[in-house]
Amino acid sequence: MPRPAIFAVAITGSIPRKKDNPAVPVTPDEQIESTHEAYEAGAVLAHIHVRNPDESSSSDPALFAQIQEGLRKHCPDMIQQFSTGGRGRDPAERGSSLRLKPDMASLATGSVNFKTIVYENVPSLVDDLAKAMLNYEIKPEIEIFDLAMLYNAADLVKRGLLKPPAHVQFVLGIPNALPPRRKVVEFMLSELEEFLPGATWTAAGIGRHQREMARLSLELGGHVRTGLEDNIKLDRHTLAPSNAALVKQCIALCEETDTRPATPAEAREMLDLRAAA
Ligand code: ZN
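Cut-offs and rules
- Residues numbered from 1 in each chain as written.
- Predicted model: local features only at pLDDT ≥ 70, side-chain atom pairs only at ≥ 80, totals over all residues.
- Heavy atoms only, no water.
- Pairing = 2+ DSSP bridges.
- Helix = DSSP H or I, 4+ residues; strand = E, 2+ residues; numbered from the N terminus.
- Axes fitted to C-alpha atoms, helices over the stretch in contact; angles between N-to-C directions.
- Contact = heavy atoms within 4.5 Å.
- Left-handed = near helix turned anticlockwise from the far one by under 90°.
- Nonpolar A, V, L, I, M, F, W, Y, C, P; charged D, E, K, R; others polar.
- Donors = N, O, S within 2.8 Å, 3.2 Å for Na, K, Ca; no water.
- Tetrahedral: all angles 85-135°; square planar, octahedral: opposite > 155°, others 65-115°.
- Buried < 20%, exposed > 50% of the residue type's maximum accessible area, 1.4 Å probe, protein only.
- Arc of directions from axis to C-beta.

1. What to know about the sheet that holds strand 11 (residues 167–172)
With respect to topology, 8 strands assemble into an open sheet ordered 12-11-10-7-6-3-2-13, the strand pairing being parallel. Strands at the two margins of the open sheet, each flanked by one partner only, are strand 12 (200–205) and strand 13 (224–226). Between one strand axis and the next, the sheet turns through 25 degrees on average, direction left out of account. With 2 bridges connecting them, strand 6 (residues 79–82) and strand 7 (residues 104–108) associate as parallel partners. Residue Gln81 lies in a different strand from strand 7, and its bridge partner there is Met104. The sheet strands contacting helix 4 (residues 148–158) are strand 7, strand 10 (139–144) and strand 11, and the helix crosses strand 10 at an angle near 150 degrees. Lying over the sheet, helix 6 (residues 210–219) contacts strand 2 (7–10), strand 11, strand 12 and strand 13, oriented at roughly 160 degrees with respect to strand 12.

In structure tokens form, the structure reads like this:
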């Protein structure tokens, strides 16, 4: 029997790149439409950033609320995950949309160098975001950009700031952070089992590593993330025409890995989430 795997779509991200690929949805209407198409293609979890009209990164809860409402209307059982990450956002504002109680929110448990910047998550901010998620009964997706973040997440559990079972995402292929290597993923999985037993996980490959990491994740028992936030191309020569196209491309890996896309209800059960509102 094929194993059900969760397909997540990161629709927008925080880097302005509409000029590189016009399919990147930026306004709430574009985001709702693009997510709906991805949902019809088989994605059951949407990872959401919002943008100002000039395409810069925003934390405005009013924008998050518009998307939340639109998605509840058009894809009512889809899992909504708000980003609390992101360059160009005031740290004090990064948790401001959590009061809207999305199903999930992203939580990076440490700082890391990216290609040209430091992605800064000071310990007090990590604790504050974790506490807010606990308060609002939001399930965090722990973003692991570097190995220490795995142990930091285990420490959050120990201090009562993160409720097990955790859901973690290994992010691979960002310059200066974790390389997209099978050995790295296998090592982190053995540490995950020891430090966060029962955790669910995804290995997400950035850019040209997306499909390779999706295949590895499916093969090793994990879930998949794709979308225009991580990759604006279908292959070296072709821009992705939509988030849905990237989802379809990853779902095509199911057959060779004896997996199938999980339904929204299955995904909610696996992630220990409440039923759709
Ligand atoms: Zn993101």
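2. Quick notes on the packing of helix 1 (residues 28–41) against helix 2 (residues 61–74)
One way to put it is that helix 1 packs onto helix 2 with a least axis distance of 9 Å and a crossing angle of 35 degrees. For the pair helix 1 and helix 2, the crossing hand works out as right-handed. Of the residues in helix 2, those in contact with Pro28, Gln31, Ile32, Thr35, His36 and Tyr39 of helix 1 are Leu63, Gln66, Ile67, Gly70, Leu71 and His74. Among the residues forming the contact of helix 1 with helix 2, the class breakdown is 6 nonpolar, 6 polar and no charged.

3. A short note on the coordination of the zinc ion
Looking at the metal site, the zinc ion is ligated by His47 (NE2), His49 (NE2), Glu229 (OE) and Glu229 (OE), spaced 2.0 to 2.7 Å from it. Coordination at the zinc ion comes from 4 donor atoms whose angles at the metal span 52 to 132 degrees, giving a geometry best classed as irregular. Sequence positions of the residues that donate to the zinc ion give the spacing H-x1-H-x179-E. Note that His49 is positioned in the loop between strand 3 (45–48) and strand 4 (50–51) and Glu229 in the loop between strand 13 and helix 7 (243–251), a separation of 180 residues in sequence. There is no split in this pair, since His49 and Glu229 are both buried.

4. Description of helix 4
Listed as buried for helix 4 are Met149, Leu150, Ala153, Ala154 and Leu156. Axial view of helix 4: buried residues confined to an arc of 150 degrees, hence all on one face. Next to the buried residues of helix 4 lie strand 7, strand 8 (112–113), helix 3 (123–135), strand 10, strand 11 and helix 5 (182–195). At the C-terminal side of helix 4, Gly160 shows a positive phi close to 75 degrees.

5. Remarks on the pairing of strand 7
By the criterion of burial, strand 7 is predominantly enclosed, with 5 of the 5 residues buried. Burial along strand 7 is two-sided: Met104, Ser106 and Ala108 facing one way and Ala105 and Leu107 facing the other are all buried. Here 5 bridges tie strand 7 to strand 10, and the two strands are oriented parallel to one another. Residue pairing in the sheet places Ala108 in a bridge with Glu143 of strand 10.

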